[in-house]
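What follows is the residue order along each chain.
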Amino acid sequence: MPPPTMMLPPSPGDSDPSGSRDMDDEDLVEDLLVTVNSARAFVEFRRTQRKECANLLRWLELVLPLLEELRDSAPPLTEDAYHRLALLGRAFSAARRLLRSCHDGSKIYLALESEALQGRFRAVYEKMNSALDGMPYSELAISDEVKEQVELMNAQLTRCKKRADTQDIELSMDLMVILDNKEGERNADRAILERLAKKLELQTLADLRAETMAIKKLISERNGQSGDSTKQIIELLNKFKEVAGVDEKNVLGEVSVTKSLDKCPSLMIPNDFLCPITLAIMRDPVIVATGQTYERRSIQKWLDSGERTCPKTRQRLSHMSLAPNYALKNLILEWCDKNKVELQKREPEPVAEQDDEHQRGAEDIPSLVEGMSSIHLDVQRKAVKRIRMLSKECPENRTLIADSGGIPALIGLLACPDKKVQENTVTSLLNLSIDESNKRHITKGGALPLIIEILRNGSAEAQENSAATLFSLSMIDENKLTIGRLGGIAPLVELLQNGSIRGKKDAATAIFNLVLNQQNKVRVTQAGIVPALLKIIDDKALNMVDEALSIFLLLSSNAACCGEIGTTPFIEKLVRLIKDGTPKNKECALSVLLELGSKNKPLLVHALRFGLHEDLSKIAKNGTSRAQRKATSLIQLARKCY
């Protein structure tokens, strides 16, 4: 963890380096050392920028000996040397700000803006490179060893600032699928959320609470700007909270008493008064077996979902009893009375008419699993239909079904000729595959070829859910290759061409995940993905242009696929989208055109014949941040074509 914020002197990078000297030579060198060392204090970073931060820290370490020798020898600085070091100070200040942002900034914001962050890193490298180019070492009394080390580092910086984007395409696609989902959450979408939560390290209550505070800080800094982006960030946070069982939707306030607190925004609420789950002031605090205190309704909901651990400590609970915390309740009431805060009235408990039925259903799981192996078709039908319903309800049911031998029983039913049984069976496996351990059990049980067969010949709903199941199972990397080898790609392309809207979306998501594997890129091209995607782009009613372009972007990175993708008719479609598409369409189309044009200059020349220069200039000035960067890169690439 970094040390407390220090009061630093003005950074040399914050003044005009070409003007008069703002400080004497020794103070300038000392200020550079302070800036570098304060930047080095950040040692833990968000996962999405961790590698880039490590690179930046390494380069700061390499330049440190130069500064230390300057401090020890204290040579008088010429105007050129002072100017170079002042420029270096500007780069160090930018590096420190960037490292701080990647250390404690919102994880969701950093993921959504990962490409913009890449641009900021490159800007820092350019500033360091510019400062070190032509550094008058002979005037600084620097040793040959340090000079050689810094010059070698500067050569690496020169290569690094020219490096192409290394965007995490899987992360970008997952974010797009979740943010574009307008139909209500399906289990396949929940699987994406769980993958995102794992990748962004937003799975525990402590992480979610820290993210909530980081987002509050971000919203405050934005001061009402970037409203759409802020809305997306809050939506994602709420989805992650829902997956983790946190019952709180109001990111802007830790408590549910906004009307009273609006009158006194500076009011500090004692942390002990806030429920660790909802971050709201507790009305009915209760103590669990580990000694932690929670709002009764929140912890009861946690336990009812099948959890048997303490949300805060993750310790297993030795018993499920909840003891009222009367002492804390009295303190909360006294504090609220003193500060004139009115606790939110509790909403009436929802009528739980089906609680008994739910409990009986869970208790019936072993007998239902046995029924799925019955020789009587009617018994099988009823059992698997009930298992489908129970597997969707809660994690506890999914665990019990798996522990009761439900996965082998379901795999045995995949080959049943009855279409309805197939449909309920594959949907049950989809529900069970939410859990990571179940994914592996389903795969090892030999389900993949049977699911692919239902994808080819099952009912419409069975085909859709088979595609969703393959997507869920393909989150395990080795399954991507296995599904491709077993012939799962061709029927997915067929579903993409001829399925329902839901089927097309499920197929597109599964295909995207599969073509993250290089061998599958060739397979999907051979299966006819290109004409299928072109048809989707032309069908505006589907609203799947971005999904299609995202798959094209993945395929365009493979030399074997570029020949089929890189045609003049396709380039003309990209040009039309860049001219007339939605902001997101333009982002995706620009990305694909940049990828293809960088490999095949004549394709870019063909695009430019349609008056694309003017559109690129407009987008570079007024487009979304990602579109601006892509448009700028295309403009630079276009200059080299003539």
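Up top is the structure.
Let me sum up the structure you'll find in this document. (Residues numbered from 1 in each chain as written. Predicted model: local features only at pLDDT ≥ 70, side-chain atom pairs only at ≥ 80, totals over all residues. Heavy atoms only, no water.)

On to the overall build of the protein chain, then. Summing up its helical and strand segments, the protein chain has 35 helices and three strands in all. Relative to its full complement of 642 residues, the protein chain shows a buried share of 52%. Long-range pairs, those at least 24 residues apart, make up 72% of the contacts in the protein chain with a sequence separation of at least 6. For the protein chain, the accessible surface area stands at approximately 30,300 Å², while carbon and sulfur atoms represent 50% of it. (Helix = DSSP H or I, 4+ residues; strand = E, 2+ residues; numbered from the N terminus. Buried < 20%, exposed > 50% of the residue type's maximum accessible area, 1.4 Å probe, protein only. Contact = heavy atoms within 4.5 Å. Areas by Shrake-Rupley, 256 points an atom, 1.4 Å probe, with all protein chains shown as cover.)

On to helix α1 (residues 25-40), then. With 16 residues, α1 should cover 22 Å at 1.5 Å per step; its first-to-last C-alpha distance of 23 Å lies within 8% of that length. Burial in α1 covers these residues: Asp25, Leu28, Val29, Asp31, Leu32, Leu33, Thr35, Val36, Ser38 and Ala39. (Expected span 1.5 Å × (residues − 1).)

Attention now moves to the pattern of salt bridges. In total, this model carries 20 salt bridges according to the counting rule given. With a shortest N-O distance of 3.2 Å, glutamate 478 and arginine 440 are connected by a salt bridge. Linking glutamate 478 in helix α24 (residues 477-485) with arginine 440 in helix α21 (residues 436-444), this pair joins segments that are 38 residues apart in sequence. The class of arginine 440 is partly exposed, set by a relative accessible area of 38%. Its salt-bridge partner being lysine 618, residue glutamate 614 comes within 3.6 Å of it at the nearest N-O pair. Here lysine 618 and glutamate 614 lie together in helix α34 (residues 612-622), a separation of four residues that amounts to about one turn. On the basis of relative accessibility, which here comes to 54%, the residue glutamate 614 falls in the exposed class. Through salt bridges that share partners, Arg388, Lys420, Glu423 and Glu461 make up one connected network. (Salt bridge = Lys/Arg side-chain N within 4 Å of Asp/Glu carboxyl O.)

With that out of the way, let us pick up a positive patch on the surface. Together, Arg90, Arg97, Arg120 and Lys127 line one region of the surface with positive charge. Mapped onto the positive patch, the elements with two or more residues apiece are α3 (79-104) and α5 (114-132). (Patch = residues over 30% accessible without salt bridge, like charges linked within 9 Å, V, L, I, M, F, W, Y side chains within 5 Å. Lys, Arg positive; Asp, Glu negative; His and termini not counted. Charge placed at Lys NZ, Arg CZ, Asp CG, Glu CD.)

On to the environment of alanine 327, then. Mapped onto the secondary structure, alanine 327 falls in helix α14 (residues 326-338). Here alanine 327 falls in the exposed class, since its relative accessible area comes to 53%.

Turning to the sheet that holds strand β3 (residues 323-324), a few remarks are in order. Reading across from one edge, β2-β1-β3 is the order of the three strands in this open sheet, with antiparallel pairing throughout. If you trace the sheet from one side to the other, it starts and ends with β2 (293-295) and β3, each paired once. Each of β1 (285-287), β2 and β3 touches helix α13 (residues 296-304); the most contacted strand, β2, lies at about 95° to it. (Pairing = 2+ DSSP bridges. Axes fitted to C-alpha atoms, helices over the stretch in contact; angles between N-to-C directions.)

A few words on the packing of aromatic side chains. Taken as a whole and judged by the stated rule, the model has four aromatic pairs. Seen in terms of ring centroids, phenylalanine 121 and tyrosine 125 are 6.4 Å apart; in terms of plane orientation they differ by 35°. Their pairing is tilted. Here phenylalanine 121 pairs with tyrosine 125, and both are found in helix α5, just four residues apart, close to one helical turn. Accessibility expressed as a relative area gives 1% for phenylalanine 121, which makes it buried. Owing to a relative accessible area of 0%, tyrosine 125 belongs among the buried residues under this scheme. Taken together, a centroid distance of 5.8 Å and an interplanar angle of 75° make the contact between phenylalanine 273 and tryptophan 335 edge-to-face. With phenylalanine 273 in the loop between α12 (258-262) and β1 and tryptophan 335 in helix α14, this pair connects stretches of sequence that are 62 residues apart. For the pair shown, phenylalanine 273 and tryptophan 335 are each scored as buried. Members of the aromatic cluster, joined through ring pairs, are Trp59, Phe121 and Tyr125. Between the NZ or CZ atom of arginine 58 and the centre of the ring of tryptophan 59, over which it lies, the distance is 5.5 Å. (Phe/Tyr/Trp six-rings, centres within 6.5 Å; stacked < 30°, edge-to-face > 60°. Lys NZ or Arg CZ within 6 Å of the ring centre and 35° of its normal.)

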